[in-house]
Amino acid sequence: MIGLISATAAGAAARDRLAAAWPDRTRVYEGPVGDAVRRAFAECEQLVCFLATGAVVRLVAPLLGDKASDPGVVCVDEGGRFAVSLLGGHGGGANELAVEVGGLLGAEPVVTTATDAVGIPGLDTLGLPFEGDVAGVTRALLDGEPVALEAEVAWPLPPVPFAREGAYTVRVTDRAAPPADREVVLRPPSLVVGVGASRGAPAEEVLGVIEGALRDAGLSPRSVAELATVDAKAEEPGILEAAARLGVPLLTYSAGELAAVAVPNPSAAPLAAVGTPSVAEAAALLRGGELLVPKRKSDGAPAMATCAVVRRPGRGRLAVVGLGPGARDLLTPRAKDELRRASVLVGLDQYVDQVRDLLRPGTLILESGLGAEEERARTAVAQARLGHAVALIGSGDAGVYAMASPALAEASDDIDVVGVPGVTAALAAAALLGAPLGHDHVSVSLSDLHTPWEVIERRVRAAAEADIVVTFYNPRSRGRDWQLPKALAILAEHREPATPVGVVRNASRPDGSARVTTLAELDPATVDMMTVVTVGNTATRNIAGRMVTPRGYRWQEEPK
C-alpha cells in the first residue's frame, strides 16, 4: 500500500489525482502531517509526501530502521514539478515509484541512486537473493574497475559491464559456498525439490530430509525455486508446511504424468499407494534438468518422507520488440523497458542506431545489414538458448512483416518468448491521412522476394472484389517498379478513378510527408520502399483534405 500525505491545497489536489488513478494501491492519511507520516511509515510499503524534502527528512529521521525494511519515500514539490526518490530507492522501490508518479502527474522524476543515475542495474535489484560485499562491488562498477562475472549456473541477467577478470567478482551459483572478499554471490532459483510423504508425515521430518539433502550436496536453500509432488499429496499438511517455511510454491502433478518419467530409483511402494513408481525423483525431473540428489529417505523409523533435488538450467528470454515507425514518442514504454532489460540486442543496423542511447552499459549489440532477417532470428534464439535476456528488434510491430515470424519459427519451448507490440507503419500513416481504416481493411506487401507474385495478385484481387481498404507495404523499389501499377490497375477494375489514395513516406519522422490523391492521379514513380500507400474503398471520401472511411457500410447522407 502507498500512503499519501499532503499539507496544502495544491498538495491535496495532486494527492487526490494520484488516489483517483490508483484507488487500490493508495491510502490517504489525513490529520496533522507529523502524525500522518508516522502512521503511514508504520503501515505502508511506500509513501508519497506532497511536502518539501527537508520537512520529510526531519519527519522520517526518527523512524528509520534499516534499508531492508524501511518503506520507499517519494516527495513531490508544491508546484508538482518534481517527484524525488528520497528514501529506499532500491529496497523500498522509491526509484520506480518516482518514475510512475512523475508520469502520472507530469513531474520530472529525480533519482540520485548512483547505479540508476549511470544506467547500471543495482546488484540488489536483480530479483535474486544476494550475499556479500554489495557496496564494494557496486562501487567498483561505478568507478570503472574490472568486475568479473563467474556464472556457475547460466541465468538471464540484465546488462552489467562485467569483465573477464578483475579484483572484484559477481558469482552466480546455487552452491552453498559463502562469498569471498570483494565478491557478491547471486542465488538463482535453479533447484527443484521433489517430495514424497506418507500420510501424516510431520513437517519437521519433511523439512529435515530436504535440508539434509541440500546440505550434504553443498547446495543453497536460497536457490530452491519450488517443491513438487504428486497431486494426491497436494493437501498433505507436512508438505504444505515445508513449502511455506521454505518460502516456495508447491507444484503437483498427476500420477500418470509422473509414471511417464524415467527415474533411476523406481519403487513398488508409491506405485501401490498413489499410482506411480516414483514421486520425489519423477516430480523433480518432470520438467527436465540434472538430478543432483537421487531419492533420499528421511531418518524416521519408519521413514515417512523422501526427496530428490534437480537443477534446472536458467531459461533464456527472447523479447521480440516493435520499435514503431521511427519517432521516439511512438516507441512504447514497454519497448523501452525491454531494451533496458536485455543483455543482448539483435537487430538491423539502422534500427540499432535508433535506440542505441536507450541501452544500458554492457549490452552486447549484434547488428547486421539488410537481407539478413533469418540470420538475425537464428542469432537471437541462439543467444537466448545460452541463458541470456535478448531483445530482437524490428520496425513498426515486430509481428507485422518483421522479425517475430522468423524468430518464432526458429524458437522452441526451451526459451521464454515475449512479444512487445509496436505502432505499425499502416497505423502511423493512417493517423496522418485522417481515418482511412475506419472499417474493414487489409495490408498487403508487394514484395515478391519471399512470396510469388501470383499469390500477391490473388490477394489484391480478392481485396478489390471485397471492397476492402488496402494498405500496400513495400510498394516499389528500383528493382521492382511494375508491381504497384499492376496492383492499382486491379483495384481500378472495381473502384472509381476518384477513389481517395493516401501516400505517406517516413511516417512520423522529421523528413516524413503525407498527401491524399486519387486512384487515377497517383503516379507510382513518386513511391519508394519508405512509402506506405493506402487505397480507400467505394465508401471512402476526401473531406477537407483528409481520407475518411465510414464505420458503417453506408455513408451518411450529405446534408441538403
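Cut-offs used in this document
Residues numbered from 1 in each chain as written. Predicted model: local features only at pLDDT ≥ 70, side-chain atom pairs only at ≥ 80, totals over all residues. Heavy atoms only, no water. Phe/Tyr/Trp six-rings, centres within 6.5 Å; stacked < 30°, edge-to-face > 60°. Helix = DSSP H or I, 4+ residues; strand = E, 2+ residues; numbered from the N terminus. Buried < 20%, exposed > 50% of the residue type's maximum accessible area, 1.4 Å probe, protein only. Salt bridge = Lys/Arg side-chain N within 4 Å of Asp/Glu carboxyl O. Axes fitted to C-alpha atoms, helices over the stretch in contact; angles between N-to-C directions. Parallel < 35°, antiparallel > 145°, perpendicular 65-115°, else oblique. Left-handed = near helix turned anticlockwise from the far one by under 90°. Contact = heavy atoms within 4.5 Å. Nonpolar A, V, L, I, M, F, W, Y, C, P; charged D, E, K, R; others polar. Pairing = 2+ DSSP bridges. Disulfide = S-S within 2.5 Å. Polar contact = N/O pair within 3.5 Å; in protein donor to acceptor, adjacent residues only side chain to side chain. Core = buried A, V, L, I, M, F, W, Y, C linked by side-chain atoms within 4.5 Å.

Asks: Describe the packing of aromatic side chains, and please don't skip the residues or the numbers.
Replies: Per the stated rule, a full pass over the model turns up two aromatic pairs. Taking the centre distance of 4.8 Å and the plane angle of 50 degrees together, the rings of tyrosine 401 and tyrosine 473 count as tilted. Highlighted residues: tyrosine 401 in the loop between strand E19 (389–394) and helix H15 (404–410) and tyrosine 473 in strand E23 (residues 469–473), separated in sequence by 72 residues. The class of tyrosine 401 is partly exposed, set by a relative accessible area of 45%. In this structure tyrosine 473 comes out as buried when scored by relative accessible area, which is 11%. Between tryptophan 453 and tryptophan 482 the ring centres are 5.0 Å apart and the planes differ by 70 degrees, which places this aromatic pair in the edge-to-face class. One end of the pair, tryptophan 453, is in helix H17 (residues 453–465); the other, tryptophan 482, is in the loop between E23 and helix H18 (483–492), with 29 residues separating them in the sequence. What makes tryptophan 482 partly exposed here is its relative accessible area of 42%.

Asks: An account of the pattern of salt bridges is needed here, citing residue identities and associated values.
Replies: Here the structure, examined in full by the defined rule, presents 27 salt bridges. One salt bridge in this structure joins aspartate 528 and arginine 505, with 2.8 Å as the shortest N-O distance. Note that aspartate 528 is positioned in the loop between strand E25 (513–518) and strand E26 (531–535) and arginine 505 in strand E24 (residues 500–505), a separation of 23 residues in sequence. Judged by relative accessible area, aspartate 528 falls into the partly exposed class, the value being 24%. Salt bridges sharing partners connect three or more residues here, namely Glu152, Arg171, Arg175 and Glu183.

Asks: Requested: an account of the packing of helix H7 (residues 203–217) against helix H8 (residues 237–246), with residues and values cited.
Replies: Across the interface, H7 lies against H8 with an axial gap of 8 Å and an inter-helix angle of 55 degrees. As summarised for this structure, H7 and H8 are arranged oblique, according to the angle between their axes. When the axes of H7 and H8 are compared, the crossing they make is right-handed. From H7, Ala203, Glu204, Val206, Leu207 and Ile210 reach across to H8, where they touch Gly238, Ile239, Glu241, Ala242, Arg245 and Leu246. Of the residues in the contact of H7 with H8, the class split is seven nonpolar, one polar and three charged.

Asks: Run through the sheet that holds strand E22 (residues 441–445), naming residues and quoting values.
Replies: As summarised here, the arrangement of the five strands in space is E22-E23-E26-E24-E25, forming an open sheet in which the pairing is mixed. Each edge of the open sheet carries a strand with a single partner, namely E22 and E25. Across the sheet, the axes of successive neighbouring strands diverge by a mean angle of 20 degrees, strand direction being ignored. As paired strands, E24 and E26 are joined by five bridges and run antiparallel to one another. Pairing of valine 504 across the sheet is with valine 532, part of E26. Packing of helix H16 (residues 425–433) onto the sheet brings it into contact with E22, E23, E24, E25 and E26, and relative to E24 it is tilted by some 115 degrees. H18 rests against E23 and E26 of the sheet, and its axis sits at about 175 degrees to E23.

Asks: Outline the packing of H17 against H18, supporting the account with residue identities and numerical values.
Replies: Put simply, H17 and H18 touch, their axes get as near as 9 Å, and they point 30 degrees apart. In terms of orientation, H17 lies roughly parallel with respect to H18. As H17 runs across H18, the sense of the crossing is right-handed. Contacts between H17 and H18 involve Trp453, Glu457, Val460, Arg461 and Ala464 from the first element and Gln483, Lys486, Ala487, Ile490 and Leu491 from the second. Residue composition of the contact of H17 with H18, grouped by class: six nonpolar, one polar and three charged.

Asks: Help me get a handle on the state of the cysteines, residues and values and all.
Replies: On inspection of all chains with the given rule, the structure shows zero disulfides. Cysteine cysteine 44 shares no disulfide, and the gap to the nearest cysteine sulfur, in cysteine 49, comes to 10 Å.

Asks: Quick rundown of the sheet that holds strand E10 (residues 183–186)? Include the residues and the values.
Replies: The four strands lie next to each other as E7-E10-E9-E8, forming an open sheet whose pairing is mixed. Since the sheet does not close on itself, it has two edges, and those belong to strand E7 (130–132) and strand E8 (147–151), each with one partner. Across the sheet, the mean angle from the axis of one strand to that of its neighbour is 20 degrees, orientation sign disregarded. Here E7 runs beside E10; their pairing, made up of three bridges, is antiparallel.

Asks: Explain the environment of glycine 106 to me, and be specific about the residues and the numbers.
Replies: Positionally, glycine 106 belongs in the loop between helix H4 (94–105) and strand E6 (108–110). Separated by 25 residues in sequence, glycine 106 and arginine 81 have C-alpha atoms that sit 7.3 Å apart.

Asks: Tell me what's going on with helix H6 (residues 134–142), and back it up with residues and numbers.
Replies: Those residues of H6 that sit buried are Val134, Gly136, Val137, Thr138, Ala140 and Leu141. With its phi angle positive at about 80 degrees, glycine 144 sits one or two positions after the end of H6.

Asks: Which residues make up the side chain of threonine 531, and what values go with them?
Replies: In this structure, threonine 531 sits in strand E26. A polar side-chain atom of threonine 531 sits 2.8 Å from a polar atom in the side chain of aspartate 528. For threonine 531, the contacting residues outside a window of four places in its chain are Phe472, Pro475, Val503, Val504 and Arg505.

Asks: How would you sum up the nonpolar core? Please name residues and give values.
Replies: Residues Val193, Ile210, Leu227 and Val309 are the most contacted members of the largest nonpolar core, which totals 22 residues. Ranked by residue count, the leading element in this core is H7, at six residues. When near neighbours in sequence (up to four residues on either side) are disregarded, valine 309 contacts Leu191, Val192, Val193, Ala213, Leu214, Leu219, Glu290, Leu291, Leu292 and Val293. Counting 21 residues, the second largest nonpolar core, distinct from the first, contains Val444, Val460, Ala464 and Val527.

Asks: Can you break down unusual backbone geometry residue by residue, with the values?
Replies: Here tyrosine 401, not a glycine, exhibits a phi torsion of approximately 55 degrees, which is positive. Even without a glycine there, the phi angle at asparagine 506 is positive, about 50 degrees. Among the structural elements, asparagine 506 can be located in the loop between E24 and E25. Its relative accessible area of 8% is what places asparagine 506 among the buried residues.

Asks: Any chance you could break down the pairing of strand E1 (residues 2–6) for me, citing the residues and the numbers?
Replies: In terms of residue burial, E1 counts as a mostly covered element, since five of its five residues are buried. Across the two faces of E1 the burial is the same, with Ile2, Leu4 and Ser6 and Gly3 and Ile5 all buried. For E1 and strand E3 (residues 46–50), the ladder comprises five bridges, and the chain directions are parallel. Paired with isoleucine 5 across the strands is cysteine 49, a residue of E3. Pairing of E1 with strand E2 (residues 26–28), which is carried by three bridges, proceeds in the parallel orientation.

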